[in-house]
Amino acid sequence: TGGGYLCAVTPGGYWSFFSWHPFLMMVSYISLMGMGALTKKLGGYKNTKMHGILSSVAVACAGGGYWVIYKNKENYGRPHLMTLHGKAGFGVLLGSVGAMLFGAIFLHPDFGTDKTNKTIRKFHKIFGRSMIAASYVVCILGLRTLTTNVWYSATLIASLLMLTPNVLF
């Protein structure tokens, strides 16, 4: 969350409407999705439900972050999805929505239509973690457009690398 705030105020040193975009995206993919993945690793019914809740709230935050950048570009008359950051970020958002819907329909512990199917569970796990990993790359791509400060960038990248073994493996 602190990293989200730092990225949010980096462009001009103050909070603006745009600031909500990096803040919500980092809260979504770094904080909430990471916690969702770690919670699922604990196993059990309650943790599985908490994983779904955290991941769903993360997707909602990411949707809010996308809305902010969409609206910001509209306000300034700029074209949408022109950079690698924008295109990859949109792909990660769509993939995350897909993983959420897939998990809710097939794997929900109460009403999932295929909740005991190990192949489907494995696919969901790998796909979800690949979305988190891809979000880290998108985060770094976005950071490159915010600042040229090498130390600032290195600090964020180092923190992402420290999270990687716990969240993704």
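The preceding data block contains the structure.
Bear in mind the structure is a predicted one, so any value in this text is a computation, not a measurement.

Trainee: Which parts of the structure should I look at to understand the overall build of the protein chain?
Mentor: Helix and strand content of the protein chain: six helices and zero strands. Its helices and strands taken in sequence order, the protein chain reads α-α-α-α-α-α from the N to the C terminus. A compact globule built from 169 residues would reach a C-alpha radius of gyration of about 15 Å, and the protein chain, at 16 Å, matches this within 12%. Once the C-alpha set of the protein chain is aligned to its principal axes, its extents read approximately 50 × 35 × 25 Å. By residue count, 38% of the 169 residues in the protein chain fall in the buried class. For the protein chain, contacts bridging at least 24 residues in sequence account for 62% of all contacts bridging at least 6.

Trainee: Would you mind going over the pattern of salt bridges with me for this structure?
Mentor: Pairing between side chains becomes possible if they bear opposite charge and their charged atoms approach one another. Counted under the stated rule, the structure contains one salt bridge. Of the charged contacts in the structure, one is a salt bridge between Asp110 and Lys49, with a shortest N-O distance of 2.8 Å. Of this pair, Asp110 sits in the loop between α4 (84-107) and α5 (118-146) while Lys49 sits in helix α3 (residues 45-76); the two residues are 61 residues apart in sequence, bridging distant segments of the chain.

Trainee: I would appreciate a short explanation of the nonpolar core in the present structure.
Mentor: Note that soluble globular proteins tend to have their nonpolar side chains buried in a common cluster. Judged by nonpolar contacts, the single largest core of 27 residues is most densely connected at Tyr29 and Ile132. Where this core is concerned, the elements lending two or more residues are α2 (20-41), α3, α4, α5 and α6 (150-168). A total of 10 residues in this core trace back to one element, the largest contributor, which is α2. Apart from the residues within four sequence positions on either side, Tyr29 is in contact with Gly34, Ala62, Val92, Leu93, Ser96, Ile132, Ser135 and Tyr136.

Trainee: Would you mind showing me how to read α4 here?
Mentor: Residues spaced three or four apart along an α-helix face the same direction, because each turn holds 3.6 residues. Under the 1.5 Å per step criterion, the end-to-end length of α4 is 32 Å for 24 residues, consistent within 8% with the ideal 34 Å. Taken residue by residue, α4 has Val92, Leu93, Gly95, Ser96, Ala99, Gly103 and Leu107 as its buried positions. In this structure, the buried residues of α4 make contact with α2, α3 and α5.

Trainee: Would you explain a nonpolar patch on the surface in this entry?
Mentor: A cluster of nonpolar side chains, namely Trp15, Phe17, Trp20 and Trp67, defines an oily patch on the protein surface of about 420 Å² accessible area. Mapped onto the elements of the fold, Trp20 is located in helix α2.

Trainee: What is the right way to look at the environment of Ser16 in this model?
Mentor: Within the secondary structure, Ser16 sits in the loop between α1 (2-9) and α2. What makes Ser16 partly exposed here is its relative accessible area of 25%. Separated by 72 residues in the primary sequence, Ser16 and Ala88 have C-alpha atoms spaced 24 Å apart.

Trainee: Hey, could you run me through the side chain of Ser28 in this one?
Mentor: Along the chain, Ser28 turns up in helix α2. There is a polar contact of 2.5 Å between the side chain of Ser28 and the backbone oxygen of Ala58. The residues contacting Ser28, other than those within four sequence positions of it, are Met33, Ala58, Val59, Cys61 and Ala62.

Trainee: Please explain the packing of aromatic side chains as it appears in this structure.
Mentor: In this description, an aromatic ring pair is defined by two values, namely the gap between the centres and the angle between the planes. Applying the stated rule across the entire model yields nine aromatic pairs. Relative to Phe23, the ring of Trp20 lies with its centre 5.9 Å away and its plane at 80 degrees, an arrangement referred to as edge-to-face. Linking Trp20 with Phe23, this pair stays in helix α2, spanning three residues, or about one helical turn. Trp20 sits in the partly exposed class, given a relative accessible area of 37%. Between Tyr66 and Phe90, the ring centres sit 5.3 Å apart and the planes meet at 40 degrees, which makes this aromatic pair tilted. With Tyr66 in helix α3 and Phe90 in helix α4, this pair connects stretches of sequence that are 24 residues apart. Here the aromatic cluster, defined as three or more aromatic residues joined through ring pairs, consists of Phe102, Phe106, Phe123 and Phe127.

Rules and cut-offs
Residues numbered from 1 in each chain as written. Predicted model: local features only at pLDDT ≥ 70, side-chain atom pairs only at ≥ 80, totals over all residues. Heavy atoms only, no water. Helix = DSSP H or I, 4+ residues; strand = E, 2+ residues; numbered from the N terminus. Rg over C-alpha atoms; globule rule 2.2 N^0.38 Å. Buried < 20%, exposed > 50% of the residue type's maximum accessible area, 1.4 Å probe, protein only. Contact = heavy atoms within 4.5 Å. Salt bridge = Lys/Arg side-chain N within 4 Å of Asp/Glu carboxyl O. Core = buried A, V, L, I, M, F, W, Y, C linked by side-chain atoms within 4.5 Å. Expected span 1.5 Å × (residues − 1). Patch = residues over 30% accessible without salt bridge, like charges linked within 9 Å, V, L, I, M, F, W, Y side chains within 5 Å. Areas by Shrake-Rupley, 256 points an atom, 1.4 Å probe, with all protein chains shown as cover. Polar contact = N/O pair within 3.5 Å; in protein donor to acceptor, adjacent residues only side chain to side chain. Phe/Tyr/Trp six-rings, centres within 6.5 Å; stacked < 30°, edge-to-face > 60°.

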